[in-house]
Amino acid sequence: MNIFEIYLKKITNILIEESKKGLIKIPENLDSINVDVAPEKFNCDISTNIAMVLSKLNESEPITLAKKLSEIIKKNDVNIDNIETVKPGFINIKFKQNFWNDFCKNIISSDRIYGKIENTQKNKYLVEFVSANPTGPLHVGHCRGAILGDVISNILKFNNHEVVKEYYVNDYGNQIKIFTKSVYLRIREILFKENFPTDNPDLYPGDYIIQIAKNIINENKNIDFSKFEPIADKLSLFSVEQSLNFVKSNLNSLGVKHDKFVRETDIINNKEVDKVVDFLRNKKFVYEGKIKAPESESNSDWVERKQLLFKSTDFGDDKDRALQKSDKTWTYFAGDVAYHNNKLSRKFHKLINILGSDHAGYIKRLNAVVEALSGNKNKLNCKVSQLVKLIKDGKPFKMSKRKGDYITVEDLISEVGKDATRFIMLSRSSDVELDFDFAKVKEKSKENPLYYVQYCYARICSVFRHVNIDIDDSIHIKNFNFKYSLNEIKILRKITEWPRCVQLSCDKLEPHRIPVYLYELASEFHSYWNLGKDNEALRFINKDKKISDEKISFLKSISIVIKNGMNILGVDTPKKM
RNA sequence: GCGCCUGUAGCUCAAUUGGAUAGAGCGCUUGGCUACGGACCAGGAGGUUCUGGGUUCAACUCCUAGCAGGCGCGCCA
């Protein structure tokens, strides 16, 4: 029940009817008309800008037109208690008590689905996220993207869409060769007491490689590790598998679970790259050619060579992109072209990729690929999660997987906790860099916004506990015939905004709106709660230790929104803290 | 040089996607607990929304030209 949407339709219909009668002129496109929340000082429930939008066409002052239109609107709606026109030409509407009774009744019966977008087509989404190289555990930088992708998926699911959460495993190419070599040398270190060359910049020095080496030795007692070449392929496979176990365990501790892991080697081995390149060649999107050197200062060692290129400039990219290396193996990009073709073949309505900011430069070519492959029928939606700036001991902490110097996800979760990590990482727009100060989050956990919201839910549970109601019980109220106070209506107004918060988060793929909203709602609740200290009449439980149906409906409504919001965020709502 | 992101209170960030007097938290400051849970609340100070131009009833938001910071830009993945 999105009241803004409902009234937008109502008002639009009224305008159309009036224009048919010739009483008012309306433009063909009514998109700029809206129904919104008004600033609090006006003490009204909804507000519309129609008079300002229509004033020019009707050659009338906005405020004059507003008066005329407000009378018409009031005549057409029984829920309206009062309607006012304000300064530039806004029309502000206040509802009768009946409206709020119906509203609460609706929320309580909707319960777990309150806020869901109504009347939308159910779509099949593919969300690809994390997709970090399988050469070791995740680090904190990956967490933001992991949580972002997970919650975007939750938002889509909440709105009844079907979602497949996917991880693309780049288990092919040079990095994997280096990684496998590193594992092998650690194995030799263990079995043959040869020192691992830690100063070699072409190897992975991290300690986790030792663990991987140990695991492989233990699980493969029958393998002869004395020579690399004969076991290279097998070792590569095992190493990636071990690495993925780390990754999965990291994701698990963040509360993130992918539905599917797609391996680049499978794509390559199934000849999907060959097929897709042939397809693109037939479409004249692939050719033999040369790329110009970048205009950077240090391009003195640039060698121009002829190679197989994808014509991504046809689709707005800055330059065409190489598909094949000089040794005739496929580039990473070629594999990704085939992978996106693979995605398209699975008939999703929408494809979403969550990328780290360091891969943002990749978006144009990916969009180009999907456009070329789908014949412009399907578009890829790429969402970038900006950097997480880790701060430790008051200083920025630089992490490097190559140097083996980084904070692991396990460190993070054991110090901060899953829920707090999720809530904090989600509470900022993904377009903005995030300061993550370990010490602050740890020491000042009481100031953590997560607890502020959870505390609100716990307080409601506490009230219910006093009158022997479990928050999870369904509420049965016979007659919704209450008179909510202004303080309560202020909170109910906030609750009317929940469906639109969900809608915006979903349309724009912007989860941060949800924690921000929940914090605001919690704030209004705490404020109301404290009124009960000065004025006993404003407490939920009266002197006889009873609670009225009105208060139950009010508290239950708030709890439903908090619960639904926190569920989407994948964060717990404890009954006691 | 080019592309993407960012620029809002001392600091960290919001802003109903073009709406009304731009809002929170932290910090600073003045108050409120014999409690339906103080992990809370009420008040105060703090702003030329990076700059210049444009679009319109209305611009933090859109267009344009700059400035500043971050990320990226080869057969790495």
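Check the entry above for the structure.
Computed from a prediction, not measured in an experiment: that's the story for all the values here.

**Observations concerning the overall build of chain A**
Next up, step 1: When its secondary structure is counted, chain A shows 20 helices and 15 strands.
Next up, step 2: Taking the principal axes of its C-alpha atoms as reference, chain A extends roughly 85 × 60 × 40 Å.
Next up, step 3: Counting only residues that meet the buried cut, chain A has 52% of its 577 residues in that class.

**Some details on the protein's contact with RNA strand B**
Next up, step 1: Close contacts around RNA strand B come from 76 residues, with Asn133, Arg305, Tyr452, Arg500 and Arg539 the closest.
Next up, step 2: Between RNA strand B and Tyr455 there is a distance of 2.3 Å, counted from a sugar or linking oxygen to a side-chain nitrogen or oxygen.
Next up, step 3: Counting residues per element, the ones that place at least two in the surface near RNA strand B are helix 2 (50-54), strand 4 (90-95), helix 6 (174-192), helix 16 (449-466), helix 18 (498-508) and helix 19 (513-534).
Next up, step 4: If you tally residues by element for the surface near RNA strand B, the top one is helix 19, at nine residues.
Next up, step 5: Grouping the constituent residues of the surface near RNA strand B by class yields 27 nonpolar, 22 polar and 27 charged.

**As for the sheet that holds strand 14 (residues 395-396)**
Next up, step 1: As summarised here, the arrangement of the three strands in space is 14-13-15, forming an open sheet in which the pairing is mixed. Strand pairing shows two members of the sheet lacking a second neighbour, strand 14 and strand 15 (434-437), which therefore form its edges.
Next up, step 2: Bridging between strand 13 (residues 388-392) and strand 14 involves two bridges; their strand directions are antiparallel. If you follow Ile391 over to strand 14, its bridge partner there is Pro396.

**Here we look at unusual backbone geometry**
Next up, step 1: Of note in the backbone geometry, Ser131 takes a positive phi value of approximately 45° without being a glycine.
Next up, step 2: Position of Ser131 relative to the elements: it lies in the loop between strand 5 (124-128) and helix 5 (140-158).
Next up, step 3: At Asn376, a position not held by glycine, the phi torsion is positive, near 65°.
Next up, step 4: Its place among the elements puts Asn376 in the loop between helix 12 (363-374) and strand 12 (380-385).

**Structural notes on the side chain of Thr496**
Next up, step 1: Mapped onto the secondary structure, Thr496 falls in helix 17 (residues 486-496).
Next up, step 2: Within the structure, the side chain of Thr496 is placed 2.4 Å from the backbone oxygen of Arg493, a separation counted as a polar contact.
Next up, step 3: Those residues in contact with Thr496, other than ones at most four positions away along the chain, are Ile3, Phe4, Trp100, Phe103 and Tyr114.

**Concerning the pairing of strand 6 (residues 162-169)**
Next up, step 1: The buried fraction of strand 6 is high, at six of eight residues.
Next up, step 2: Pairing of strand 5 with strand 6 involves five bridges; the strand directions are parallel. Paired with Val127 across the bridge in strand 6 is Lys165.
Next up, step 3: Of the crossover connections in this fold, the one passing from strand 5 over helix 5 to the parallel strand 6 is right-handed.
Next up, step 4: With four bridges connecting them, strand 6 and strand 7 (residues 260-263) associate as parallel partners. Bridging from a neighbouring strand, Tyr168 pairs with Val262 of strand 7.

**Describing the packing of aromatic side chains**
Next up, step 1: Scanning all chains against the criterion turns up 27 aromatic pairs.
Next up, step 2: Both rings, one in Phe95 and one in Phe99, keep their centres 3.8 Å apart while their planes meet at 20°; by these two values the pair is stacked.
Next up, step 3: Accessibility expressed as a relative area gives 4% for Phe99, which makes it buried.
Next up, step 4: An aromatic cluster is defined as three or more aromatic residues linked by ring pairs; in this entry it consists of Tyr7, Phe95, Phe99, Trp100, Phe103 and Tyr114.
Next up, step 5: Above the plane of the ring of Phe348 lies Lys124, whose end atom (NZ or CZ) is 4.8 Å from the centre.
Next up, step 6: Here the guanidinium or amino end of Arg500 rests over the ring plane of Phe4, the centre of that ring lying 4.3 Å away.

Rules behind the numbers
Residues numbered from 1 in each chain as written. Chains lettered and ligands numbered in written order. Predicted model: local features only at pLDDT ≥ 70, side-chain atom pairs only at ≥ 80, totals over all residues. Heavy atoms only, no water. Helix = DSSP H or I, 4+ residues; strand = E, 2+ residues; numbered from the N terminus. Buried < 20%, exposed > 50% of the residue type's maximum accessible area, 1.4 Å probe, protein only. Near = heavy atom within 4 Å. Polar contact = N/O pair within 3.5 Å; in protein donor to acceptor, adjacent residues only side chain to side chain. Nonpolar A, V, L, I, M, F, W, Y, C, P; charged D, E, K, R; others polar. Pairing = 2+ DSSP bridges. Contact = heavy atoms within 4.5 Å. Right-handed = clockwise from strand over helix to strand, strands pointing away. Phe/Tyr/Trp six-rings, centres within 6.5 Å; stacked < 30°, edge-to-face > 60°. Lys NZ or Arg CZ within 6 Å of the ring centre and 35° of its normal.

By themselves, these figures tell us nothing about what the structure is for.
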